[in-house]
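Spelled out from the first residue to the last, the chains are:
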Amino acid sequence: MRIAICPGSFDPVTLGHIDIIRRASKLFDKVIVAVLLNMDKKTWFTIGERTDLLKKATADIPNVEIAGFEGLLVDFAKQKKACAIVKGLRAVSDFEYEFQMALTNSKLDANLETVFLTTSSENMYLSSSIVKQVGLLGGNVQPFVPECVHDEIVSRIRQRSKLK
Ligand code: PNS
């Protein structure tokens, strides 16, 4: 059984994430989407909210599982007996950061490979930050997020903007 981990902040999930998860699910027997902590980011959605949104948005992909984890990615991967980490690469700007994480993870666990999938051209520009920025300023985020979780994402962003 070849298990891969798709890690990320997913704050919130976008169509770009779903594209990578869906494509990874065709390459591996099982894909575990891991909602992790990124020390450099202040998230808007709780881990519970992010995992719930991902569960709904991937409900039609049979070999995908969603989990939250607050430790190191390599420890989660070992616990789940995964052989690879799958990440999406959008543009050159992603490369340095992703390369640093891939090398760090391979130093921490030499048996764990990082596999990069190039983002589909229609999602090249897309990020969770774009979704939050457009939503916060009252724009339409429908083109950027899975339809089944659109309303929940908008309502959370609105709640958040009231708190500001
Ligand atoms: O979606 P992101 O924010 O680019 O994903 C980054 C993430 C969450 C995968 C990364 O920060 C991570 O692996 N966090 C878990 C803690 C960890 O293992 N850190 C060392 C890897 S550099």
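Look up: the structure comes first, before these words.
Summary of the structure given here.

Reading guide: rules and limits
- Residues numbered from 1 in each chain as written.
- Predicted model: local features only at pLDDT ≥ 70, side-chain atom pairs only at ≥ 80, totals over all residues.
- Heavy atoms only, no water.
- Salt bridge = Lys/Arg side-chain N within 4 Å of Asp/Glu carboxyl O.
- Helix = DSSP H or I, 4+ residues; strand = E, 2+ residues; numbered from the N terminus.
- Buried < 20%, exposed > 50% of the residue type's maximum accessible area, 1.4 Å probe, protein only.
- Pairing = 2+ DSSP bridges.
- Axes fitted to C-alpha atoms, helices over the stretch in contact; angles between N-to-C directions.
- Contact = heavy atoms within 4.5 Å.
- 1 Å grid on protein atoms, 1.4 Å probe; cavity = no way out; pocket = protein on both sides within 12 Å on 5 of 7 lines; lining within 4 Å.
- Points joined across faces, edges and corners; volume = space filled by probe spheres on them.
- Nonpolar A, V, L, I, M, F, W, Y, C, P; charged D, E, K, R; others polar.
- Arc of directions from axis to C-beta.
- Polar contact = N/O pair within 3.5 Å; in protein donor to acceptor, adjacent residues only side chain to side chain.

**Quick word on the pattern of salt bridges**
Okay, step 1: Applying the stated criterion to the full structure yields nine salt bridges.
Okay, step 2: Here Arg23 makes a salt bridge to Asp19, at a shortest N to O gap of 3.0 Å. Taken together, the residues Arg23 and Asp19, both in helix α1 (residues 15-27) and four residues apart, mark about one turn of the helix.
Okay, step 3: As a salt-bridge pair, Asp60 and Arg22 come within 3.1 Å of each other at their nearest N and O atoms. With a gap of 38 residues between them, Asp60 in the loop between α2 (47-57) and β3 (64-68) and Arg22 in helix α1 connect regions that are remote in the sequence.
Okay, step 4: Using a relative accessible area of 31% as the deciding quantity, one classes Arg22 as partly exposed.
Okay, step 5: Put simply, Asp11, Arg50 and Lys132 are held in one network by salt bridges that share partners.

**Some thoughts on the sheet that holds strand β4 (residues 84-89)**
Okay, step 1: One open sheet holds the five strands; their spatial order is β3-β2-β1-β4-β5, and the pairing between them is parallel. Both outer strands of the open sheet, β3 and β5 (113-118), are each paired with one neighbouring strand and no more. Each neighbouring strand pair of the sheet contributes to a mean axis angle of 30 degrees, computed without reference to strand direction.
Okay, step 2: With two bridges joining them, strand β1 (residues 3-8) and β4 adopt parallel strand pairing. Note that in β4 the partner of Ala4 across the bridge is Ala84.
Okay, step 3: In this fold α1 packs onto β1, β2 (30-35), β3, β4 and β5, with an angle of close to 125 degrees to the strand it touches most, β5.
Okay, step 4: Sitting on the sheet, helix α4 (residues 92-108) touches β4 and β5, and the angle it makes with β4 is about 175 degrees.

**Points about the pairing of β1**
Okay, step 1: Within β1, six of the six residues are buried, which leaves it mostly tucked inside the rest of the structure.
Okay, step 2: Of the two faces of β1, the one carrying Ile3, Ile5 and Pro7 and the one carrying Ala4, Cys6 and Gly8 are both buried.

**Description of the layout of surface pockets**
Okay, step 1: Of the voids in this model, the largest pocket is the one considered here, and its volume is about 1,100 Å³.
Okay, step 2: Forming the boundary of the largest pocket are 41 residues, of which Gly8, Asn38, Lys87, Tyr97 and Met101 lie nearest the centre.
Okay, step 3: Here the residues of the lining of the largest pocket are counted per class, giving 15 nonpolar, 16 polar and ten charged.

**Points about empty space enclosed by the protein**
Okay, step 1: Considering all chains together, one arrives at one cavity of 30 Å³ or more under this definition.
Okay, step 2: There is about 40 Å³ of room inside the largest cavity.
Okay, step 3: What lines the largest cavity is Leu73, Ile85, Lys87, Glu98, Met101, Ala102, Asn105, Thr114 and Phe116.
Okay, step 4: At the level of secondary structure, the elements contributing two or more residues to the lining of the largest cavity comprise β4, α4 and β5.
Okay, step 5: Each residue belonging to the lining of the largest cavity can be placed in one class, and the counts come to five nonpolar, two polar and two charged.

**Looking at α2**
Okay, step 1: Among the residues of α2, those classed as buried are Ile47, Arg50, Thr51, Leu53, Leu54 and Ala57. Mapping the buried residues of α2 onto a view down its axis gives an arc of 160 degrees, with all of them on the same face.

**Considering the environment of Asn38**
Okay, step 1: Tracing the backbone through its elements, the reader meets Asn38 in the loop between β2 and α2.
Okay, step 2: Note: C-alpha distance between Asn38 and Gly8 (30 residues apart in sequence) is 7.9 Å.
Okay, step 3: In contact with Asn38, not counting residues within four places along its chain, are Ser9 and Tyr97.
Okay, step 4: Polar contacts involving the side chain of Asn38 include one to the main-chain amide nitrogen of Asp40, which spans 2.9 Å.

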